[in-house]
Amino acid sequence: MSRSPAGSPPVALSVAGTDSGGAAGLAADLTTFAALGVHGACTVTAVTAQDTTGVASVHALPPREVAAQLDAVVGDLLVAAAKTGVLGSPAVVRLVAAVAVEQRLPLVVDPVLVATSGAVLGDADVAAALVEHLLPVATVVTPNRSEALALTGLAADTPDPALAAALADLGCAVVLTGGEPTAADRRHGTRTDWLALPGSPPLPLTHAGVPTVHDHGSGCTHSAALTAHLARGADLATAVRAAAAFTAERMRAGAGWRLGRGRGPVAHTVPEPAPASTPASTPASTPATARGPRAATPTGGDR
Ligand SMILES: Nc1ncnc2c1ncn2[C@@H]1O[C@H](COP(=O)(O)OP(=O)(O)O)[C@@H](O)[C@H]1O
Ligand SMILES: Cc1ncc(COP(=O)(O)O)c(N)n1
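Residues numbered from 1 in each chain as written. Chains lettered and ligands numbered in written order. Predicted model: local features only at pLDDT ≥ 70, side-chain atom pairs only at ≥ 80, totals over all residues. Heavy atoms only, no water.

Q: How should helix H9 (residues 236-254) be read in this particular structure?
A: For the α-helix, the turn length of 3.6 residues means that residues three or four positions removed from each other point alike. Here H9 is 19 residues long and its end C-alpha atoms lie 27 Å apart, about the 27 Å a rise of 1.5 Å per residue gives. Buried within H9 we find Leu-236, Ala-239, Val-240, Ala-243, Ala-244, Phe-246, Thr-247, Ala-248, Arg-250, Met-251 and Gly-254. Packed against the buried residues of H9 are helix H1 (25-35), strand E6 (140-141), strand E7 (173-176), strand E8 (190-196), strand E9 (203-208) and helix H8 (218-231). (Helix = DSSP H or I, 4+ residues; strand = E, 2+ residues; numbered from the N terminus. Expected span 1.5 Å × (residues − 1). Buried < 20%, exposed > 50% of the residue type's maximum accessible area, 1.4 Å probe, protein only. Contact = heavy atoms within 4.5 Å.)

Below is the structure:
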């Protein structure tokens, strides 16, 4: 049941970092909320300098600045569901947990810890705080495989279902996201997420894979879509399936894009078609084209 007043959209809150390249973090969250008919409020936890090729710097905001934003949002808006991304420090993790409990927020935790390029977006202390304080009060946690390994401390060869089940034992539902294809996924051209509910055997959710280098922000888009569907009143299983479908659809929409030199953004917007009078041979005036051809191969972007 959505908590929005009649005639108004539900409100979802993202507590996350910025991505200067506009692919991940708050950019992905707020555009996804908007695409799914949900008003997006935000609390900035960290400012990152990053692009499609990697993360240059991460500046975590002081907890008091994060607390001030949270107070402003929950003091005024009726938040129907919230999600977290980069949190920046154990103190901020504890702060968000306290607000989630106090406000009884349905909470999606995307435990963003390490970028694909290797940049640390959450250190071991943040991972420990997530396990101790945030997962016990979360509705669902959405790690990728490397985040799940960091949270559980399990061996690198632990199979996906066992990883998902170990996290569910901590007390919240889990969607172990499968952006990295398994051997079976490679054979079948698929991706497999695992849904684990505490006390139940993990369930594979397999969908068609999209061949693309425009996958930067896939995890944020997925967790934001899940949050938006919860805010709209969907049950968890429905929201999980809808989130995977939305993310794959946005990846298909951006599969032909060439934005940046590395892992380009998941398509948060679909470009207007060129005016009918534009000759087919005229190059599109995108920044990438104006600044010369960009390589289509990934060079280690951040996911
Ligand atoms: N190439 C792809 N084709 C289809 N779905 C994908 C692809 N890459 C990721 N996904 C989906 O996007 C969602 C986010 O997953 P993932 O990429 O693992 O997150 P993260 O960015 O945190 O690593 C999941 O539902 C996953 O299955
Ligand atoms: C500010 C910020 N937040 C999150 C991610 C992870 O990106 P993804 O959504 O692809 O896992 C990122 N690179 N930067």
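Q: Just checking my understanding: could you explain the packing of helix H3 (residues 90-103) against helix H4 (residues 124-134) for this structure?
A: Packed helices, taken two at a time, are described by the angle their axes make and the gap between the axes. Two elements in contact, H3 and H4, have axes separated by 8 Å at closest approach and are oriented at 20°. It follows that H3 is roughly parallel to H4 by the angle criterion. Here H3 runs over H4; the crossing is right-handed. Note on element contacts: H4 touches H3 through Asp-125, Val-126, Ala-129, Leu-130, His-133 and Leu-134, opposite Pro-90, Val-93, Arg-94, Val-96 and Ala-97. When grouped by side-chain class, the residues that make up the contact of H3 with H4 number 8 nonpolar, 1 polar and 2 charged. (Axes fitted to C-alpha atoms, helices over the stretch in contact; angles between N-to-C directions. Parallel < 35°, antiparallel > 145°, perpendicular 65-115°, else oblique. Left-handed = near helix turned anticlockwise from the far one by under 90°. Nonpolar A, V, L, I, M, F, W, Y, C, P; charged D, E, K, R; others polar.)

Q: Sorry if this is basic, but what is going on with H8 here?
A: Taking 1.5 Å of rise per residue, the 14 residues of H8 would be expected to cover 20 Å, and the 20 Å separating its terminal C-alpha atoms lies within 8% of that figure. H8 sits mainly inside the fold: 13 of its 14 residues count as buried.

Q: How should the site of ligand 1 be read in this particular structure?
A: Of all residues adjacent to ligand 1, which total 16 residues, the nearest are Thr-177, Gly-179, Asp-193, Val-210 and Ser-218. Measuring from an oxygen atom of ligand 1, one finds a side-chain N or O atom of Asn-144 at 2.9 Å. In this structure, a nitrogen atom belonging to ligand 1 sits 2.8 Å away from a main-chain N or O atom of Val-210. Considering ligand 1 on its own, with 550 Å² of exposed area, one finds that the protein chains cover 97% of that surface. Looking at the shell around ligand 1, the elements that each hand over two or more residues are E8, E9, H8 and H9. Ranked by residues supplied to the shell around ligand 1, first place goes to H8 with 3 residues. Considered class by class, the residues forming the shell around ligand 1 number 3 nonpolar, 10 polar and 3 charged. (Near = heavy atom within 4 Å. Polar contact = N/O pair within 3.5 Å; in protein donor to acceptor, adjacent residues only side chain to side chain. Areas by Shrake-Rupley, 256 points an atom, 1.4 Å probe, with all protein chains shown as cover.)

Q: Could you clarify how one ought to interpret the nonpolar core in this entry?
A: With 42 residues, the main nonpolar core has Leu-13, Leu-87, Val-109, Leu-130 and Leu-134 as its most contacted residues. With 6 residues, the single largest contributor to this core is H3. Once residues within four sequence positions are removed from consideration, Val-109 is found in contact with Thr-84, Leu-130, Leu-134, Leu-135, Ala-138, Val-140, Val-141 and Thr-142. Ranked by size, the runner-up nonpolar core spans 23 residues in total, among them Val-140, Leu-226, Leu-236 and Val-240. (Core = buried A, V, L, I, M, F, W, Y, C linked by side-chain atoms within 4.5 Å.)

Q: Hey, could you run me through the pairing of E7 in this one?
A: Side chains on a regular strand alternate between the two faces of the sheet. Here E7 shows no split at all, with Ala-173 and Val-175 on one side and Val-174 and Leu-176 on the other all buried. Bridge analysis of E6 against E7 gives 2 bridges, and the strand direction is parallel. Within E7, the position partnered with Val-141 by the bridge is Val-174. As paired elements, E7 and E8 share 3 bridges and run antiparallel to each other. Considered in E8, the bridge of Leu-176 is made with Trp-194. (Pairing = 2+ DSSP bridges.)

Q: Help me out: how do you make sense of the packing of helix H2 (residues 63-76) against H3 in this one?
A: Across the interface, H2 lies against H3 with an axial gap of 10 Å and an inter-helix angle of 20°. Overall, the two elements H2 and H3 adopt an arrangement that is roughly parallel. For the element pair H2 and H3, the recorded crossing hand is right-handed. Side by side, H2 and H3 meet where Pro-63, Val-66, Ala-67, Leu-70 and Val-74 of the first sit next to Ala-91, Val-92, Leu-95, Val-96, Val-99 and Gln-103 of the second. Among the residues making up the contact of H2 with H3, the classes are represented as 10 nonpolar, 1 polar and no charged.

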